[in-house]
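Structure at a glance
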Amino acid sequence: MKYLHHYSSLLLAISLPVAALAQSVTLQEVTVQSNRINQFSSGIKTEVIDSAIIATYQNSTLTDLLAEQSPVFVKNYGSGGLATSSFRGAGAGHTAVVWNGFNLQSPLNGQIDFSLLPVTAADNITLQYGGTGALWGSGAVGGVIHLQNQTTFNKGLRAGVQLSGGSFGRQQQSVQLSYGTAKVSLSTKGYRQYAENDFTFYNTAKESTPLQRQIHAQSQVLGFMQQADMQLSAKQQVGVTYWYQQADRNLPPTMAQLISQAKQQDVFHRVFATYKHTARRSIVFVRSAYFSELLNFTDSASAIYSDNRAYTTIGETELRYSIATNHTVTAGINYTYAQAISNGFAAQQHQQRAAVFAAYTLIAFTNRLKASVSARKEWITQQQGAFTYAAGAEYALAKTITIKGNIAKVYRVPTFNDLYWTPGGNPNLVPEDGFSEDVGMKIMLINTAKTALSFEPTVFNRNVNNWIIWLPETFYWSPTNIMQVWSRGVETKSAFSYLHKKWLLKVQVFTNYVRSTNSRLKTIGDASLGKQLIYVPIYSAQATFTLQYATWSLLYNHTYTGYTYSATDHSAYLLPYYLVNARLTKRFAVKKQTLAAFAAVNNAFNTRYQVLVNRAMPLRNYQFGISYHLN
């Protein structure tokens, strides 16, 4: 391990002969895809969020998009508050968020706050379900959310502006400007989201459940992204992207508290650079990134001031080579250096990781079979390393029926907080590990020029050992590798579309049955054994209806969340609830310009509900806005 710090130099050294190899190939030309998400993920359930949906949620956060347009369960602390995800009953740290190939999980706590990720920051959003750690590393246990930005080569000048406002003092503004020629691609994005969040709610923690107004809940997010890419030659491309964001939030009291003086500030700088060399049969990628994040939490009422900073440097080189038309391999190395500074640590902490990975894809039987295998070995300073692998395949039984399956070994390494927090951190923790399997099929029941109907069921299973959980000690809480969690269930997706003259109807329905239970005693007499994990609903469903006529569009979204336990022994739970949201949009198009206006109602039936115990959620509320686009 003493040589691990040399990996950053080794990446550059390897990239040079690899690039030379790519230039020397003179075999017959074969198209090599550049997207690892699809090319080496055979058998994995993948959901691509429709571009029209992304456009609809331009002034929203990933919290809203995931909760309303995907089967992912979002643990929401309230409007403007922390929001994390749960794929198939997994924990918040089991979701990897990958931005243009780089994992954004915080080295401090291993999580991502989706309430701080605006949809406008991404051009494409893709969800992958199940274990994909061989491709993306630690944390890709329950699923992966891919955020990608597109280049704008040969697309000329484009501009877009979105303005919206609504209940509780909400204001959202965003702007996008891009310019692309055959050689240069430039893109600029800026956004602001502000809300008073002073909504009314029924306080169920008090007798007679009085109607109250939320206090101390203001939030503001400011962000900027600049992307620049250049085509150096027909075979070479370079690019640099920088993303800055600052969020300031007042954290409101729970229903059981009278006041709160807690505040939180989140600031990050994210920059990455890429180089791509394309030859007849190969592509070479050289990538590097630097992430800086700051989290300041203060609570004057409790005399708490917590300053947390993390810095991550990543270098990666990958060679993708097409052996023949239907055989593609990829191999690469990754080096990550993370540093953390916190007044919760006794000293400054750092960690080095080195990983090698490889994958192979086969396409056979006139494109009816696609299979892939992948593997990854990771070394970590002062910790036990990890080895993970995966294999999957999908096969078209007929033009209308495709079956797929995947098995993967999964892992998640302990975070800095798990290892070093004072008091309580446990430096003897080992990585969580286990297996994830799923089998599914897609059936096209109808597929004509005007009508389409499909049904996609998936059965999944996952066992995770050494699950890290914080338990109370004599004077403080401390983490330990004591839990074993068994998750299994069934998911379905049904999609229907019908086109008639100027009318277009789209219907999409998700259903989820998830059993995620503890399989090991944490303590003597532990009542959670064999019981559903807290805040993992067993049943949930979602339906989205979109009706378009000429320049009018109506979107209606209906979600159901079943019983959710809030105590490990199931002595307390949250009641099921339905939520209904609707949005009406009118477009005006003149030549290359488009103006759109919308009006939306959220929680249209004024449902009283809680996602987490004693965390207030808004009743019926409204939103209005306009957008302008120039192409």
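So, how was this worked out
- Residues numbered from 1 in each chain as written.
- Predicted model: local features only at pLDDT ≥ 70, side-chain atom pairs only at ≥ 80, totals over all residues.
- Heavy atoms only, no water.
- Helix = DSSP H or I, 4+ residues; strand = E, 2+ residues; numbered from the N terminus.
- Rg over C-alpha atoms; globule rule 2.2 N^0.38 Å.
- Buried < 20%, exposed > 50% of the residue type's maximum accessible area, 1.4 Å probe, protein only.
- Contact = heavy atoms within 4.5 Å.
- Areas by Shrake-Rupley, 256 points an atom, 1.4 Å probe, with all protein chains shown as cover.
- Lys, Arg positive; Asp, Glu negative; His and termini not counted.
- Charge placed at Lys NZ, Arg CZ, Asp CG, Glu CD.
- Phe/Tyr/Trp six-rings, centres within 6.5 Å; stacked < 30°, edge-to-face > 60°.
- Lys NZ or Arg CZ within 6 Å of the ring centre and 35° of its normal.
- Salt bridge = Lys/Arg side-chain N within 4 Å of Asp/Glu carboxyl O.
- Pairing = 2+ DSSP bridges.
- Core = buried A, V, L, I, M, F, W, Y, C linked by side-chain atoms within 4.5 Å.
- pLDDT = per-residue confidence, 0-100.

Let us now look at the overall build of the protein chain. Looking only at helices and strands, one finds 6 helices and 33 strands in the protein chain. For 631 residues, the compact-globule estimate of 2.2 N^0.38 gives 25 Å, and the protein chain sits close to it at 25 Å. Dimensions along the principal axes, computed over C-alpha positions, put the protein chain at roughly 80 × 65 × 45 Å. Within the span of the protein chain, comprising 631 residues, buried residues form 52% of the whole. A separation of at least 24 residues holds for 62% of the contacts in the protein chain among residues at least 6 apart in sequence. If you sum the accessible surface of the protein chain, you get close to 27800 Å²; carbon and sulfur atoms cover 59% of it. Averaged over its 52 positive side-chain charges, the protein chain has a centre that lies 10 Å from the centre of its 30 negative ones.

Turning our attention to the packing of aromatic side chains. Ring pairs (aromatic) are described by centroid distance and by the angle formed between their planes. Here the structure, examined in full by the defined rule, presents 21 aromatic pairs. Here F102 and F291 contribute two aromatic rings whose centre-to-centre distance is 6.3 Å and whose plane-to-plane angle is 85 degrees, an arrangement assigned as edge-to-face. Of the two residues, F102 is situated in strand β5 (residues 102-103) and F291 in strand β16 (residues 282-299); the sequence distance between them amounts to 189 residues. Judged by its relative accessible area of 2%, F102 falls in the buried class. With a relative accessible area of 7%, F291 lands in the buried category. A centroid spacing of 5.6 Å and a plane angle of 70 degrees characterise the contact between Y563 and Y573, whose relative ring orientation is edge-to-face. Of this pair, Y563 sits in the loop between β28 (552-561) and β29 (564-565) while Y573 sits in strand β30 (residues 573-574), and the two are 10 residues apart along the sequence. For Y563, a relative accessible area of 46% gives the class partly exposed. Among the aromatic residues, those joined into a ring-pair cluster are W99, F102, W243, F268, F272 and F291. Over the ring of W243 we find R270, and its NZ or CZ is 5.2 Å from the ring centre. It is R608 that lies over the ring of Y202; its NZ or CZ is 3.5 Å from the centre.

Time to look at the pattern of salt bridges. Throughout the structure, instances matching the rule amount to 14 salt bridges. Linking D266 and R249 is a salt bridge whose minimum nitrogen-to-oxygen distance equals 3.4 Å. Of this pair, D266 sits in strand β15 (residues 262-278) while R249 sits in strand β14 (residues 236-250), and the two are 17 residues apart along the sequence. The pair formed by D266 and R249 is uniform in burial state, with each residue classed as buried. Across the pair R287 and E318 runs a salt bridge whose closest N-O atoms are separated by 3.2 Å. Here R287 is found in strand β16, whereas its partner E318 is found in strand β17 (residues 304-324), with 31 residues between them in sequence. Note on E318: relative accessible area 0%, which makes it buried. Ionic contacts of the salt-bridge type, sharing partners, join the residues K45, R88, D438 and E491 into one network.

The subject of this paragraph is the sheet that holds strand β4 (residues 95-99). Consider a sheet: its strands pair through backbone hydrogen bonds, and that pairing is either parallel or antiparallel. Spatial strand order, β1-β6-β7-β4-β5: 5 strands in an open sheet with mixed pairing. Of all the strands in the sheet, just β1 (46-48) and β5 have a single pairing partner and so form its edges.

Our focus in this paragraph is the nonpolar core. Generally speaking, a soluble globular protein has its nonpolar side chains buried in company with each other. Counting residues in each nonpolar core, the largest one holds 38 residues, and the members touching the most others are F114, I125, L147 and W243. Non-local contacts of I125, meaning those with residues more than four positions away in its chain, are made with E47, V48, I49, I54, L62, L65, V119, I145, H146 and L147. V410, F460, L471 and M483 belong to the second-largest nonpolar core, a separate cluster that totals 13 residues.

Another point: the confidence of the model for the protein chain. Predicted confidence across the protein chain gives a mean pLDDT of 92, with 94% of residues reaching 70 or more. Below pLDDT 50 for its whole length, residues 1-33 participates in 54 contacts with residues either more than four positions away or in separate chains.

Now for the pairing of β14. Taken together, the 13 bridges between strand β13 (residues 219-231) and β14 define a ladder with antiparallel strand orientation. Bridge pairing links F224 to Y244 in β14. Between β13 and β14, which pair antiparallel one after the other, the connecting turn spans 4 residues. Here 15 bridges tie β14 to β15, and the two strands are oriented antiparallel to one another. Bridge pairing in β15 links W243 to R270.

A word on the environment of Y77. On the secondary structure map, Y77 appears in the loop between β2 (73-76) and β3 (83-86). With relative accessibility at 33%, the residue Y77 sits in the partly exposed group. Expressed as a C-alpha distance, the spacing of Y77 and A256, which sit 179 residues apart in the sequence, is 14 Å. Once residues lying within four places of it in the same chain are set aside, the contact partners of Y77 are L82, L612 and R615.

Of the strand pairs in this sheet, strand β31 (residues 577-590) and strand β32 (residues 593-602) are connected by 9 bridges, and their pairing is antiparallel. Residue pairing for β32: T585 is matched across the bridge by F598. The antiparallel hairpin formed by β31 and β32 contains 2 residues in its connecting segment, where K591 sits at a positive phi of about 50 degrees. Bridging between β32 and strand β33 (residues 621-630) involves 10 bridges; their strand directions are antiparallel. Its bridge partner lying in β33, L595 is registered against Y628.

Take unusual backbone geometry next. Backbone torsion omega between T422 and P423 reads -5 degrees, so that peptide bond is classified as cis. Tracing the sequence through the fold places P423 in the loop between α6 (416-420) and β23 (432-447). For N197, which is not glycine, the phi dihedral falls at a positive 55 degrees. Here N197 lies in the loop between β10 (184-195) and β11 (200-202).

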